[in-house]
Amino acid sequence: MSLLEVDQLSVDLVAQGAPVRVLDRVELAIDAGQVHALVGESGSGKSLTALSVARLLPDTLTRRVAGTVRFDGEDVYGLDPAGLRRLRGRGVGYVFQEPSTALNPVMRIGTQIREMLQLHRPKEATDAVVWRWLERVGIPSPDIRARQYPHELSGGMQQRVMLALALSAQPRLLIADEPTTALDVTIQAQVLDLIQSLQRELGMAVLLITHNFGLVGEIADRVSVMYAGQVVERGPVSAVLNAPRHPYTAALLGSVPRLGDVRESLVVIPGTVPSPGHWPGGCRFHPRCSRATPGCATDQPAWREIAPESWVRCPYPVEVQS
Ligand SMILES: Nc1ncnc2c1ncn2[C@@H]1O[C@H](COP(=O)(O)OP(=O)(O)OP(=O)(O)O)[C@@H](O)[C@H]1O
Ligand SMILES: [Mg+2]
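Every value quoted in this text rests on a predicted model; they were computed, and no experiment measured them.

K.L.:
Report on the sheet that holds strand 11 (residues 304-307), specifying residues and quantitative values.
P.N.:
A sheet is described by the order of its strands in space; here 8 strands give the open sequence 6-7-8-3-9-10-12-11, paired in mixed fashion. Two strands bound the open sheet, and with one partner strand each, they are strand 6 (92-95) and strand 11. In this sheet, neighbouring strand axes are inclined to one another by 20° on average, regardless of whether the strands run parallel or antiparallel. Pairing analysis gives 6 bridges linking strand 9 (residues 222-227) to strand 10 (residues 230-236), with the strands arranged antiparallel. Bridge assignment links arginine 222 to a residue of strand 10, and that residue is proline 236.

Next comes the structure, spelled out in structure tokens:
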């Protein structure tokens, strides 16, 4: 059994008064201690998937949730308030795409981390432990920083504080939604090294949302690819990167510039990701797919295992070259 198992998760949100489906039969499985990357073009539903998994979408915004999310065998959408508190601290730690919305602007950062510890690791709720977490995420002079407010910190520092906040509860799964996009390149590498070393040290699983395939190849064990509210491919990272089976994954990888690449421009996938409410019938990707047949416009492709641990939502997967 995986630590996190998402089965046929569909979510309808209320947008301008009317319900709109934003996630459709999403599949995900993350084993304990594993790094799982979630990739896909902007607007494909990565953040909404992550928020739904941690049950962080506001109730006022959510019209309907179907399917199941199981964390450590427990049904996340069946949890009572006490179960939810447990889930969000020691179960799932969350690093949001936008740090400024996640930190409390009127509370000193040290106090925020201390409150997290009080809630989830009460024996460790001391200044020394707070400072140690700030130090571990690469914040110098933690005793001084702990007394500052979020607005006194740069974006990169805020992102580190958010990471310290999530990690201090020592979660079994860390969800990191583009944890480095707000940072400059050298800091990006430091933050990723940090996530990776803590992942190993704490035996933590990580769901890493990123646009960066280089990063995926470097640190992930498995990868899931999203398109228009669905996961269309999942597999071991080397298989997906070297021999993608879904035409969308293949196109997406074809559009990544490689070092030493002599092509003048990137291969661009024609068209754009359709937004919720405007998904085409049949396979969502068929209007942009070079392999589409007439049936692809009408038949919903099934999610199926085509090789051990390799899953794809396409009846005509790309052949593996030998
Ligand atoms: N509250 C909402 N109501 C309706 N649609 C929404 C809502 N929130 C997000 N969406 C839409 O759902 C789609 C998926 O959004 P999501 O934020 O999950 O994308 P993403 O894959 O994380 O993109 P990015 O890479 O840009 O962060 C987008 O088209 C977005 O506009
Ligand atoms: Mg996002």
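K.L.:
I'd like a rundown of helix 7 (residues 155-168), residues and numbers included.
P.N.:
In this model helix 7 runs 20 Å from its N-terminal to its C-terminal C-alpha over 14 residues, within 8% of the 20 Å that 1.5 Å per residue would give. Of all 14 residues in helix 7, 12 are buried; the element is thus mostly enclosed. Within the span of helix 7, buried status applies to Met157, Gln158, Gln159, Arg160, Val161, Met162, Leu163, Ala164, Leu165, Ala166, Leu167 and Ser168. For helix 7, the elements touching its buried residues are strand 6, helix 3 (99-102), helix 4 (109-120), helix 5 (127-136), strand 7 (173-177) and helix 8 (185-202). Positive backbone phi, approximately 50°, marks glutamine 170, located one or two places after helix 7.

K.L.:
Kindly report on the pairing of strand 1 (residues 4-15), identifying the contributing residues and their values.
P.N.:
Examined bridge by bridge, strand 1 and strand 4 (residues 62-71) share 8 bridges and lie antiparallel to one another. What sits directly across from valine 6, in strand 4, is valine 69. Note: strand 1 against strand 2 (residues 18-30), 9 bridges, orientation antiparallel. Residue pairing in the sheet places valine 14 in a bridge with proline 19 of strand 2. Between the end of strand 1 and the start of strand 2, which pair antiparallel, lie 2 residues, with glutamine 16 showing a positive phi angle near 50°.

K.L.:
Go over the packing of helix 7 against helix 8 with me, naming the residues and quoting the values.
P.N.:
For any two helices packed against each other, the geometry is given by the interaxial angle and the distance between the axes. Where helix 7 contacts helix 8, the axes come no closer than 11 Å and their chain directions differ by 5°. Of the possible angle classes, the one that applies to helix 7 and helix 8 is roughly parallel. Note on element contacts: helix 8 touches helix 7 through Ile187, Val191 and Leu198, opposite Gly156, Gln159, Arg160, Leu163 and Leu167. Of the residues belonging to the contact of helix 7 with helix 8, the class tally is 5 nonpolar, 2 polar and 1 charged.

K.L.:
Residue-level account of the sheet that holds strand 1, with values.
P.N.:
Sheet architecture is open: 4 strands sit in the order 2-1-4-5, paired in antiparallel fashion. A strand with exactly one partner marks an edge of an open sheet, and here the two such strands are strand 2 and strand 5 (74-75).

K.L.:
Help me get a handle on the site of ligand 1, residues and values and all.
P.N.:
In the vicinity of ligand 1 lie 16 residues, with Ala15, Ser42, Lys46, Ser47 and Leu48 positioned nearest. Top element by residues in the shell around ligand 1 is helix 1 (residues 46-53). It accounts for 3 residues. Its residues assigned to classes, the shell around ligand 1 shows 7 nonpolar, 8 polar and 1 charged.

K.L.:
Lay out unusual backbone geometry in plain terms, naming residues and giving numbers.
P.N.:
Even without a glycine there, the phi angle at glutamine 170 is positive, about 50°. Note on placement: glutamine 170 falls in the loop between helix 7 and strand 7. One non-glycine residue, glutamate 309, lies in positive phi territory at about 70°. Looking at the secondary structure, you find glutamate 309 in the loop between strand 11 and strand 12 (310-312).

Conventions we followed
- Residues numbered from 1 in each chain as written.
- Chains lettered and ligands numbered in written order.
- Predicted model: local features only at pLDDT ≥ 70, side-chain atom pairs only at ≥ 80, totals over all residues.
- Pairing = 2+ DSSP bridges.
- Helix = DSSP H or I, 4+ residues; strand = E, 2+ residues; numbered from the N terminus.
- Axes fitted to C-alpha atoms, helices over the stretch in contact; angles between N-to-C directions.
- Expected span 1.5 Å × (residues − 1).
- Buried ≥ 20, exposed ≤ 12 C-beta atoms within 10 Å, placed from the backbone.
- Contact = placed C-beta atoms within 7 Å.
- Parallel < 35°, antiparallel > 145°, perpendicular 65-115°, else oblique.
- Nonpolar A, V, L, I, M, F, W, Y, C, P; charged D, E, K, R; others polar.
- Near = placed C-beta within 6 Å.

Just geometry here; none of it tells us what the structure is for.
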